[in-house]
Amino acid sequence: MAFFVLWGCEGPAGLDGEDGKDGIDGIDGVDGKDGVDGGTASCLSCHDSDNQTLVAIQFGTSAHSMGAIAVDYAGGRASCAECHSHEGFVEFALTGDVSANIANPSAWECNTCHALHTDFAADDYALRLAEPITFLAGGTTVDEGNNNLCMNCHQSRRGVGDYDNATEDQTITRTFTGDDIEVYKHAAVGPAGSITEYGTDSVVVVFDVPQATHAYISSTHAGPHHGPQGNVWQGVGGTVDGSPYGAHSGGCTKCHMGPDSGHSFWAVEGNCQVDGCHSSSKQDDLDDFAKRVSDVGAALEALHAVHYSDGAYHPVYASLERGQFNAWWNFMLLLEDRSNGAHNPTYYETLLTSIETELGL
């Protein structure tokens, strides 16, 4: 017997079933903190409009924000850009190098130093470079917290060994013209050097540099470069070493970002009196150091190791006895530090005493 199944359309839906029981409620979250420590209020402790405006005004008066730092002082040159332009410093902070010249360098701005926060703690300033650093000249490694960022740029680029490094006797001949003629008519030429004038057109100088006794100033930009403040603070960089200036344990930020200066970075007197550090000005001490540095400059100019023009001392090409060369180097370190002893008075005293002894001052 055969069976047949007939297929038809779907019938009407049945009635809905009963609703299931509600699930168990989850655990309540922890309440956020009230006040400046909680929520966006913690951000506003720094990022409120009044504080942001004040920081912008302060920073606008600083040398870091001036266009000249980038445009006039080689901010586009790859070898200089890491400290002289915003673009260069950011690339250096991210990669450890500046790979090429920068076509249109700009001055520093807020996010030159500051990146994104990491843990939002009260002391998290999102500094791009906060790790310990090793000085380019001399290799001293330092770890001074937030001050590490400053010292990435405010350090010597060269050491005395970059100039006093000859392995044999040298004879260097240079021709000077224009305003340089008057400067080099009495150059320090070494024991067998010579100066030959060709009327008012030029002067030819032969510098004799016996390796055993003399060293050569080989550039009008010779020296540790313009920012050895970190080295002086740590008591290194001269031909003799000293000790770090422990009395200023707060470092760069304590004096240059105190309540009376903030992001202007000016080391004003009011910052010195915070926490009872100095109940009165130490200006007399600074003036004494300044006079001694000036006297050394005059003595070195008499030796034709430097030349004074446009209100400042500048190195000149010279063959100097090594003791005089060391005095010149230590002078350049203190001159370029520009603190008149404030960054490390004990180290200033050490170096000035060694210079004065060598020069008979």
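Before reading further, recall that the structure is shown in the block above.
Residues numbered from 1 in each chain as written. Predicted model: local features only at pLDDT ≥ 70, side-chain atom pairs only at ≥ 80, totals over all residues. Heavy atoms only, no water.

A. Main features of helix H5 (residues 86-95). For H5, the complete set of buried residues consists of His86, Gly88, Phe89, Val90 and Phe92. Looking at the buried residues of H5, the elements they touch are helix H4 (78-84), helix H6 (110-113) and helix H7 (147-151). Immediately beyond the C-terminal end of H5, within one or two residues, lies Gly96, with a positive phi of roughly 85 degrees. (Buried < 20%, exposed > 50% of the residue type's maximum accessible area, 1.4 Å probe, protein only. Helix = DSSP H or I, 4+ residues; strand = E, 2+ residues; numbered from the N terminus. Contact = heavy atoms within 4.5 Å.)

B. The packing of helix H12 (residues 283-302) against helix H14 (residues 345-359), seen in detail. In contact at an axis separation of 11 Å, H12 and H14 are set at 30 degrees when each is read in the N-to-C sense. By the angle between their axes, H12 is roughly parallel relative to H14. Seen along the crossing, H12 lies across H14 with a hand that is left-handed. Across the interface between the two elements, Phe289, Arg292, Val293, Val296, Ala299 and Leu300 from H12 touch Pro345, Tyr348, Glu349, Leu352, Thr353, Ile355, Glu356 and Leu359 from H14. Residue classes in the contact of H12 with H14 are distributed as ten nonpolar, one polar and three charged. (Axes fitted to C-alpha atoms, helices over the stretch in contact; angles between N-to-C directions. Parallel < 35°, antiparallel > 145°, perpendicular 65-115°, else oblique. Left-handed = near helix turned anticlockwise from the far one by under 90°. Nonpolar A, V, L, I, M, F, W, Y, C, P; charged D, E, K, R; others polar.)

C. How the structure looks around H14. The end-to-end C-alpha distance of H14, which contains 15 residues, comes to 21 Å, matching closely the 21 Å that a straight helix rising 1.5 Å per residue would cover. Looking at the buried positions of H14, the neighbouring elements they touch are helix H9 (229-234), H12 and helix H13 (322-337). At the C-terminal side of H14, Gly360 shows a positive phi close to 70 degrees. (Expected span 1.5 Å × (residues − 1).)

D. Up close: the pattern of salt bridges. Counted according to the given criterion, the structure contains six salt bridges. Close ionic contact of Asp164 with Arg322 constitutes a salt bridge, the shortest N to O distance being 2.8 Å. Here Arg322 lies in helix H13 and Asp164 lies in the loop between H7 and strand S3 (170-177), a separation of 158 residues in the sequence. Judged by its relative accessible area of 24%, Asp164 falls in the partly exposed class. Arg292 is the salt-bridge partner of Glu356, the closest N and O atoms lying 2.9 Å from each other. A residue pair is termed long-range when its members are at least 10 positions apart, and Glu356 in helix H14 and Arg292 in helix H12 qualify at 64 residues. Exposure remark for Arg292: the relative accessible area of 14% places this residue in the buried category. Linked through salt bridges whose partners overlap, the residues forming this network are Arg292, Glu349 and Glu356. (Salt bridge = Lys/Arg side-chain N within 4 Å of Asp/Glu carboxyl O.)

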